[in-house]
Amino acid sequence: MNNDNCYYGWIPILTKDLLFGYFIKELENEKKMVEGEEKKKLDKRLSKTSGRYYIHETHEDVKDKKFKVIISVDDRDAIDHIFIFKYSNPTLSDKNIAAEASCNIEDNGLVTLKLEYPEEKVAWKEHEIIKQVYIIIREVYHHHTHHEPQEEILLQPVSAKDKTDAIIKIINQYQEKIISYHTLIRTDIKCEGGFDDARNLVAKAKEEMAYASAFVNTFERNIKDPQSYFFVFSNALKPIDGLASDIE
C-alpha cells in the first residue's frame, strides 16, 4: 500500500495476536457471505480470482440509521478492503457506494487505511470517511454495535507520513486522553445523578491506560525512551483510582 494520503489506527489488543476468526465464523453461520454475480463484480473490481466477502450492517453516528458494509478478507483472515453503501440493501455499483477504502491490518493491530473512492468532489471529507471505516473495523474486532457519547474520546485514525510518525501520534493521543478522562469524570461527579456515568468512565479510562501500555510494549522498537511512556500511563491510574474513591 502506497503511503500517500495514508491514515493509521490501532486495534487495541492485550493478547499476543489480534484475534479475528470468531467474527468471520459468526458471519458465515448467519450466511452473510457475498456470492454469485455480486462476488464476481467484487473480484473484478479488486483484481482477485476468488475473494472472500462478508456483509455487515452498522449504524450512522447521528441518525442511527442502518447501512450496508461489504468487508473483503484476505488469506490471513484480516480485512483488506471495505465498501460502505448509502442504503441498507443496495446492489454493487458506483452510484450506491458511499465510500471504498483499502486496508492493511498487521498482526500487531496496526491498521493502514487509504481512501480509494469517492473522489474529492464528493461532499464527505476524507478524514470523516476514514474515521467511519476505522469505526467499522473496530466493530468487527471488538464487536461494538453502538457508540456511547464518551466513545468520542476513543482512539482516532491519524494521518501520518510513515509508520513511525503514526506510532508517535497515536501515543500522543493516549497522553491527551489522560486529561480528557479526568475532566469528564470530574464533570460527571459534580452533576446530579452523574455517578453512574462517572463510574463507566473510570472503567473505560483504566481500560485505555492498559491499552496504552500495551501499545508502547508492542511498538517499543519504534519509540524513543519507551520507559518514560510506561511510567506516564502507569502513573495515570493513580489519580483515576482517587476519582473512583471520590465517587464511592
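For the structure itself, look to the data block above.
Residues numbered from 1 in each chain as written. Predicted model: local features only at pLDDT ≥ 70, side-chain atom pairs only at ≥ 80, totals over all residues. Heavy atoms only, no water.

**Description of the pattern of salt bridges**
Pairing is possible between side chains of opposite charge, provided their charged atoms come close. One pass over the structure, following the stated rule, counts 11 salt bridges. With a shortest N-O distance of 3.5 Å, Lys 41 and Glu 38 are connected by a salt bridge. A residue pair is termed a helical-turn pair when its members lie 3 or 4 positions apart in one helix, as Lys 41 and Glu 38 do in helix α2 (residues 36-46) at three residues. Measuring nitrogen to oxygen at the nearest pair gives 2.8 Å for the salt bridge that ties Lys 48 to Asp 80. You can see Lys 48 sitting in the loop between α2 and β2 (52-59) and its partner Asp 80 sitting in strand β4 (residues 79-85), a full 32 residues away along the chain. Judged by relative accessible area, Lys 48 falls into the partly exposed class, the value being 24%. Assessed through its relative accessible area of 16%, Asp 80 is described here as buried. Bridged by salt links that share partners, the residues Asp 74, Arg 76 and Asp 107 form one connected network. (Salt bridge = Lys/Arg side-chain N within 4 Å of Asp/Glu carboxyl O. Helix = DSSP H or I, 4+ residues; strand = E, 2+ residues; numbered from the N terminus. Buried < 20%, exposed > 50% of the residue type's maximum accessible area, 1.4 Å probe, protein only.)

**Side note on helix α4 (residues 163-190)**
Residues separated by three or four positions in an α-helix point in the same direction, a consequence of the helix having 3.6 residues per turn. For α4, built from 28 residues, the straight-helix expectation of 40 Å at 1.5 Å per residue is met to within 8% by its first-to-last C-alpha distance of 41 Å. For α4, the N-terminal capping position is held by Asp 162, with its side-chain oxygen 3.2 Å away from the main-chain nitrogen of Thr 164. (Expected span 1.5 Å × (residues − 1). Polar contact = N/O pair within 3.5 Å; in protein donor to acceptor, adjacent residues only side chain to side chain.)

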